[in-house]
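Examination of the molecular architecture
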Amino acid sequence: MNLVCDTTLARRIGVMFAGPLVVIAVIGACASPGVSHSPSGPAPSASAVLSSSSAVPSAATPTPSATSAVAGFTTSGQAGSQKWSALSWAALPQETPLASISHIVTWRHGYVAYGTGIWQSVDGNAWQPASLTLVDALIAESPTGLLAVSHASDPQSAHEVWSSSDGLAWTKLPTPDAFDSTVILAIAGNEHSVVVVLGSPNGSKVLTSADGKVWAEVSLPSGTFCWCGTADTPVWAWAGAGRIFVAGYLSSGTSDPGPFGFFSSSDGVAWSPSKTTFAGMPILHFAGSSILAEVSPTGRPLMEEWMTSSDGGSTWVKTTPQSAMLTSSGGALYASGERMLGVAKDGRAWTSRDGKTWSPLAWGNHKLGQTSDGQPEVFALKLFPTGVYVAGWYGAAS
């Protein structure tokens, strides 16, 4: 299973996004990774501390696009399937690497976090830095380990494709011609296949690969997705619950988008329409084998509908999760592939392992404020395997 958390899959509930916040790769929408707010508080503790490790030499010797002697770090707290009941907060040093992390990938051998650097962890506590730094990259699980594509949002830059078996040693692969002059709209994968969605003025393409070297265009049952380069016509891709999902508005042959399309595959090659009653584009959130779909009906963007699936998306059941309480005051929903986290602006919080049953999470003594650009910090949280980071503070889960 591969789940990418983009700061980390934050989805604002009952609040429309402002600005270019629609991002890609297993993605809902996410808040900016920039953090500059440093509230006063206790001295830094071991909840999330810098270690003295530098870039770890890899067994292979790939030629990276850039190198960085970034530090490793540790985060305390409960990872994996352990239940969270409370967060214990501590202020971190200003130079903490956690501030520069924008994505966290949960995959079959642990976790990879990346932003200005790349870090790998087996247990979610100890993080080792890779010697590779990529610009504007997206990383997803693949059959061979992990796959990264750089310069994702810039069609004028040459995309670089990199592969790793462990998240530390990376090898550069040939860039397929199909990637030229495109935007990488989404990337998602698992142990069977990795899928990349490309966008250009001519529309979008879905490509699949088993090794990151040989790519084939996917033939979707209902045609191709329309991509008009706006937040109103996104194309999403996710991997979780044993399948890969893609969703978007289909091409109508005109400048206007066609009907909504939602497809899934177990191998990235054979695709089938997902049988749903979704009234609009979904945002998928994963925890183990469970999926929670948040659907904003077309024309009613603030009237979320909630659907859950426990069979890989074959069937869906309407639900009203505890976190739906957030719609009354605005809040954010996060997912890591292991758990879901709903947080309200006032610090009320809940966690879930299936999207149906939610347990209260004691938020602790850190009051949420605003980011340097005036946005509520509830939309700028970073969900780590062992806790939550926001604006220079780390809340270790217990």
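Described in the following lines is the structure provided in the data block. (Residues numbered from 1 in each chain as written. Predicted model: local features only at pLDDT ≥ 70, side-chain atom pairs only at ≥ 80, totals over all residues. Heavy atoms only, no water.)

Quick look at the packing of aromatic side chains
- Enumeration according to the criterion identifies 15 aromatic pairs in this entry.
- When the ring of Tyr 111 is compared with that of Trp 127, the centres are 6.3 Å apart and the planes differ by 45 degrees; the resulting orientation is tilted. Here Trp 127 lies in strand S9 (residues 126–129) and Tyr 111 lies in strand S7 (residues 110–115), a separation of 16 residues in the sequence. An identical accessibility class is assigned to Tyr 111 and Trp 127; each is buried.
- Taking 6.4 Å as the distance between ring centres and 65 degrees as the angle between the ring planes, the aromatic pair formed by Tyr 249 and Phe 260 counts as edge-to-face. Within this pair, whereas Tyr 249 is found in strand S19 (residues 243–251), its partner Phe 260 is found in strand S20 (residues 257–265), the two being separated by eleven residues in sequence.
- Using a relative accessible area of 16% as the deciding quantity, one classes Tyr 249 as buried.
- On the accessibility criterion, Phe 260 (24% relative accessible area) is partly exposed.
- Chaining the aromatic ring pairs together yields one cluster made of Phe 245, Tyr 249, Phe 260, Phe 262, Phe 278, Phe 286 and Trp 316. (Phe/Tyr/Trp six-rings, centres within 6.5 Å; stacked < 30°, edge-to-face > 60°. Helix = DSSP H or I, 4+ residues; strand = E, 2+ residues; numbered from the N terminus. Buried < 20%, exposed > 50% of the residue type's maximum accessible area, 1.4 Å probe, protein only.)

Description of the pairing of S19
- Extensive coverage of S19 is indicated by the burial of seven of its nine residues.
- Taken together, the six bridges between strand S18 (residues 235–240) and S19 define a ladder with antiparallel strand orientation. Directly across from Val 235, in S19, lies its bridge partner Gly 248.
- Here S18 hands over to S19 after two residues, with Ala 241 in that stretch at a positive phi of 55 degrees.
- Bridging between S19 and S20 involves seven bridges; their strand directions are antiparallel. When the sheet's bridge partners are listed, Ala 247 is paired in S20 with Phe 262. (Pairing = 2+ DSSP bridges.)

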